[in-house]
Amino acid sequence: NNIMRSLILLCVLFITSIQLNYILYADEPLSSIVNVKIPGFNEDGFLSWEIHASKVSPAGDDFFSALLPTIQIYRGQCIESTAKTKSGNFKPKTGEAWGRERMDVTADGFHAKGDNWHWFDKTESGLNQIIFKQDTMITFSRGLDGFFVFENRRSDSNCLPGDIDGNTSKRSDQQLPTVAQADYLEFMSVEENNHRFLLEGNVSVEGNNLYLTCDKIELLFVKDANGSSRQIGKINTMEAIGNVILRQGGRKSYANEMTLSVPEGVAELRGSSDGKSLARVEDEEWGEAVGEKIILVKGKRMAKVVGGKSGRPRVVLPPIPNLGFDKISGQKKSKP
């Protein structure tokens, strides 16, 4: 069945190629053809991508302009994602397409959109790379879940160096999608169909009890072995770089870099490599913690502060409250 399917698709590609070559090279070429479908195949002969367009016209050396193009990306003989736009150009021989109008990409796990787009079938880093260079937004339906939700609002421990609290309590049931925006967005399939997302320039990420801003961020989604071929998997790591500010309920964190590991349940904040800028956490309940490295633990209000070349870590706790031992005005001391 697979061999027959591959042969049929090859015939379709051959017929489409003849049509396109006739448009480009005929003595009296047609101005366009309608309802075009162009497939692309991987090394195993299976369908890798397919371009659909309502109208195709020659636009230059070996490339064509398309009206209402749709790019369907396949994984495991199923459609993994679908990209749609009003117009664009493509090179079927090299597996490449580009355009300036807004493109929408829908997949099982995220929805992305942006202007000034470019698609590559293959790159040195991965497969089916899509780039948006302007006005980008991506929404992850599974997102970060409750990673940054505090499980215990009233902990009995302070932000002490080298001490991470292990208390647990009931987790928030309300989960929201994670929405990210940036000037530049790039995503592709990497490492055996896992997915990498890269955002640069005025980056903002908003999710459940989370608002993060930075200059650049990279997210890696890892697919579960039991998941379907259409799913992008779950977020595994997040690497934020440059002017990192993380806002949560009652807490703000500042760093030059932040690494988030979802499997370990740990977020690591780091200052600059030259030591001029330190990581800092300001908590309304427990005060301020400063150090070259600060480790935050999933669901806790705790911060493990690690010192370095710049000196010992610093923890500034809130003022000690009135303990009830103030001298009463006008009251004389009694003799013993």
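Residues numbered from 1 in each chain as written. Predicted model: local features only at pLDDT ≥ 70, side-chain atom pairs only at ≥ 80, totals over all residues. Heavy atoms only, no water.

An account of the overall build of the protein is requested, with residue identities and associated values reported.
When you go through the protein residue by residue, the secondary structure sums to 1 helix and 22 strands. Restricting the contact set of the protein to residue pairs at least 6 apart, pairs at least 24 apart contribute 50%. Summed over its atoms, the accessible surface of the protein is roughly 18300 Å², and 50% of this surface lies on carbon and sulfur atoms. (Helix = DSSP H or I, 4+ residues; strand = E, 2+ residues; numbered from the N terminus. Contact = heavy atoms within 4.5 Å. Areas by Shrake-Rupley, 256 points an atom, 1.4 Å probe, with all protein chains shown as cover.)

Can you lay out the nonpolar core for me, pointing to particular residues and giving the numbers?
One finds Phe-110, Leu-212 and Ile-217 to be the most contacted residues of the largest nonpolar core, which totals 57 residues. Counting residues per element, this core draws most heavily on strand β14 (residues 210–222), at 6 residues. Those residues in contact with Leu-212 that sit more than four places away from it in its chain are Val-203, Ser-204, Val-205, Ile-217, Met-238, Ala-240, Val-244, Ile-245, Leu-246 and Met-258. (Core = buried A, V, L, I, M, F, W, Y, C linked by side-chain atoms within 4.5 Å. Buried < 20%, exposed > 50% of the residue type's maximum accessible area, 1.4 Å probe, protein only.)

An account of the pairing of strand β17 (residues 266–270) is requested, with residue identities and associated values reported.
Pairing of strand β16 (residues 251–261) with β17 involves 5 bridges; the strand directions are antiparallel. From the neighbouring strand, Thr-259 faces β17, where its bridge partner is Glu-268. Taking the residues that link successive antiparallel strands as the turn, the β16-β17 hairpin has 4 residues, and the phi of Gly-265 there is positive, at about 70°. Where β17 and strand β20 (residues 293–297) come together, 5 bridges link them in antiparallel fashion. Directly across from Ala-267, in β20, lies its bridge partner Leu-296. (Pairing = 2+ DSSP bridges.)

Describe the side chain of Ser-189, and please don't skip the residues or the numbers.
On the secondary structure map, Ser-189 appears in strand β12 (residues 184–190). Overall, Ser-189 belongs to the buried group, its relative accessible area being 5%. Residue contacts for Ser-189: discarding those within four places in its chain leaves Arg-75, Gly-126, Leu-127, Asn-128, Asn-194 and His-195.

Give a detailed account of the environment of Ser-57, specifying residues and quantitative values.
Along the polypeptide, Ser-57 turns up in strand β2 (residues 47–60). Separated by 23 residues in the primary sequence, Ser-57 and Val-34 place their C-alpha atoms 9.0 Å from one another. Filtering out sequence-adjacent residues up to four positions away, Ser-57 remains in contact with Ser-31, Ser-32, Phe-64 and Ser-65.

Describe the packing of aromatic side chains, naming the residues involved and giving the relevant values.
The full count for this structure, using the stated rule, is 10 aromatic pairs. Ring plane angle 65° and centroid distance 6.3 Å describe the contact between Phe-132 and Phe-187, whose orientation is recorded as edge-to-face. Of this pair, Phe-132 sits in strand β10 (residues 127–140) while Phe-187 sits in strand β12, placing them 55 residues apart in sequence. When its relative accessible area of 5% is taken as the criterion, Phe-187 is described as buried. Taken together, the aromatic side chains of Phe-110, Phe-132, Phe-140, Phe-187, Phe-197 and Phe-221 make up a single cluster linked through ring pairs. Just above the ring of Tyr-254 sits the side chain of Arg-280; from NZ or CZ to the centre is 4.2 Å. (Phe/Tyr/Trp six-rings, centres within 6.5 Å; stacked < 30°, edge-to-face > 60°. Lys NZ or Arg CZ within 6 Å of the ring centre and 35° of its normal.)

Tell me what's going on with unusual backbone geometry, and back it up with residues and numbers.
As a rule of thumb, non-glycine residues mostly have phi less than zero, and peptide bonds are mostly trans rather than cis. Despite not being glycine, Asn-202 shows a phi value in the positive range, around 50°. Examined against the element boundaries, Asn-202 turns out to sit in strand β13 (residues 194–207). Phi at Asn-243 takes a positive value of approximately 50°, unusual for a residue other than glycine. Mapped onto the secondary structure, Asn-243 falls in strand β15 (residues 234–248).

I'd like to hear about the pattern of salt bridges, residue by residue, with values.
Under the defined criterion, the tally for this structure stands at 9 salt bridges. For Lys-93, the salt bridge is made with Asp-62, and the minimal N-O distance between the two is 3.8 Å. Separated by 31 residues along the polypeptide, Lys-93 in the loop between β6 (87–91) and β7 (96–99) and Asp-62 in the loop between β2 and β3 (63–67) bring together distant segments of the chain. Note that Asp-115 is salt-bridged to Arg-102, the shortest N-O span being 3.0 Å. (Salt bridge = Lys/Arg side-chain N within 4 Å of Asp/Glu carboxyl O.)

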